[in-house]
Amino acid sequence: MNESARVLLDVGGVWKAFGKNQVLRGMSLQVAAGEVVAVVGENGSGKSTLLKILAGLEVADRGTVRMSGRIGYCPQSLELFEGLTVAENLIYFGAAYGLTQDGLRQAGRRYLDRFRFTQYTGTLVSRLSGGTKQKLNLTLALLHNPALLLLDEPYQGFDYETFMNFASLLDEWRNDGKAVLTISHLITGDLRIDRTLELEDGVTHERAPDRHRA
């Protein structure tokens, strides 16, 4: 991590258990502005639990979480209104974020065009393919231009073109000074990750620098 960069996420000594199952054991991490950090680990290692704590959906048993700026959260599960159209989902989430009509229109058009699903604007979400639902799921996390992005397996179901669009967006967000924390069981060389942390036995260990990083 660049020591001179402003820290947008600072997690210190977080513990979390579900009954007798101790998932997190005093784990800590930091993510700075202009940095993309990946947390990897086996299924059940606590990756999604960590992200839910950061998003405010779970409460840590102890430890501290400090964040700066607006947060965007893309969960692995699809948090969509199946009975509404794509456009109506955008309007609903835009209102929740406090976006103006013009701001929502610009943001919606940007990501609908970027992920190539403009033609589904008037389609009920229940009628979309899994991959298109995932595009909308990610778009809703980005509408309000957050400074800190929390992404839980955000590219599941993407075709190759959409995946590469997502990879290029990571570069843009980095260049815009945003902080990105993405979790996955697998990180490929197509994603330009600055640091990779492995979550194991409830704590994170930093891996060696990614050889694929340009």
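Relevant structure appears above.
Residues numbered from 1 in each chain as written. Predicted model: local features only at pLDDT ≥ 70, side-chain atom pairs only at ≥ 80, totals over all residues. Heavy atoms only, no water.

**Q** Requested: an account of the overall build of the protein chain, with residues and values cited.
**A** The number of helices and strands found in the protein chain is 5 helices and 9 strands. Ordered by position in the sequence, the α and β elements of the protein chain form the string β-β-β-α-β-β-α-α-α-β-α-β-β-β. Here the C-alpha radius of gyration of the protein chain, 17 Å, is about what a compact globule of 214 residues would show, namely 17 Å. Principal axes of the C-alpha set define a box for the protein chain whose edges measure 45 × 45 × 30 Å. The 214 residues of the protein chain split such that 45% are buried. Long-range pairs, those at least 24 residues apart, make up 71% of the contacts in the protein chain between residues at least 6 apart in sequence. Of note, the protein chain has its 24 positive side-chain charges centred 3 Å away from the centre of its 25 negative side-chain charges. (Helix = DSSP H or I, 4+ residues; strand = E, 2+ residues; numbered from the N terminus. Rg over C-alpha atoms; globule rule 2.2 N^0.38 Å. Buried < 20%, exposed > 50% of the residue type's maximum accessible area, 1.4 Å probe, protein only. Contact = heavy atoms within 4.5 Å. Lys, Arg positive; Asp, Glu negative; His and termini not counted. Charge placed at Lys NZ, Arg CZ, Asp CG, Glu CD.)

**Q** How would you explain the nonpolar core if you had to name every residue and give the values?
**A** Grouped together as the largest cluster of nonpolar side chains are 34 residues, with contacts concentrated most on Phe166 and Trp173. Mapped by element, the contributors of at least two residues to this core are strand S3 (35–40), helix H2 (86–97), helix H3 (101–114), helix H4 (130–142), strand S6 (148–152) and helix H5 (160–175). Examining the composition of this core, we find that 6 residues originate from one element, H5, more than from any other. Counting 23 residues, the second largest nonpolar core, distinct from the first, contains Met27, Leu51, Tyr73 and Leu197. (Core = buried A, V, L, I, M, F, W, Y, C linked by side-chain atoms within 4.5 Å.)

**Q** Before we move on, can you summarise the pairing of strand S8 (residues 195–200) with the specific residues and values?
**A** Strand residues, when the strand is regular, have side chains that alternate between the two faces of the sheet. Pairing of S3 with S8 involves 4 bridges; the strand directions are parallel. Bridged to Ala38 within S8 is Thr196. Here 4 bridges tie S8 to strand S9 (residues 203–206), and the two strands are oriented antiparallel to one another. Each bridged residue has a counterpart across the sheet, and for Leu199 the counterpart in S9 is Thr204. (Pairing = 2+ DSSP bridges.)

**Q** Give a detailed account of the pairing of strand S7 (residues 179–184), specifying residues and quantitative values.
**A** Burial analysis of S7 places 6 of its 6 residues in the buried class, which makes it a mostly covered element. The two faces of S7 match: Ala179, Leu181 and Ile183 on one face and Val180, Thr182 and Ser184 on the other face are all buried. Bridge count for S3 against S7 is 6 bridges, and the pairing is parallel. Of the residues in S7, the one forming a bridge with Glu35 is Ala179. The handedness of the S6 to S7 crossover, carried by H5, is right-handed. (Right-handed = clockwise from strand over helix to strand, strands pointing away.)

**Q** Give a detailed account of unusual backbone geometry, specifying residues and quantitative values.
**A** In this structure, Asn145 is a non-glycine residue whose phi angle is positive, near 55°. One non-glycine residue, Glu153, adopts positive backbone phi at about 45°. Locating Glu153 in the fold gives a position in the loop between S6 and H5.

**Q** Tell me about the packing of aromatic side chains, and name the residues and values.
**A** Summed over the entire model, instances satisfying the criterion amount to 6 aromatic pairs. Pairing Phe81 with Phe93 gives two aromatic rings, centres 6.2 Å apart and planes at 55°, and the pair type is tilted. Of the two residues, Phe81 is situated in the loop between strand S5 (71–74) and H2 and Phe93 in helix H2; the sequence distance between them amounts to 12 residues. Centroid distance Phe115 to Phe158: 6.2 Å. Interplanar angle 35°. Geometry classified as tilted. Of this pair, Phe115 sits in the loop between H3 and H4 while Phe158 sits in the loop between S6 and H5, and the two are 43 residues apart along the sequence. Judged by relative accessible area, Phe158 falls into the buried class, the value being 13%. Over the face of the ring belonging to Trp15 we find Arg62, whose NZ or CZ atom lies 4.4 Å from the ring centre. (Phe/Tyr/Trp six-rings, centres within 6.5 Å; stacked < 30°, edge-to-face > 60°. Lys NZ or Arg CZ within 6 Å of the ring centre and 35° of its normal.)

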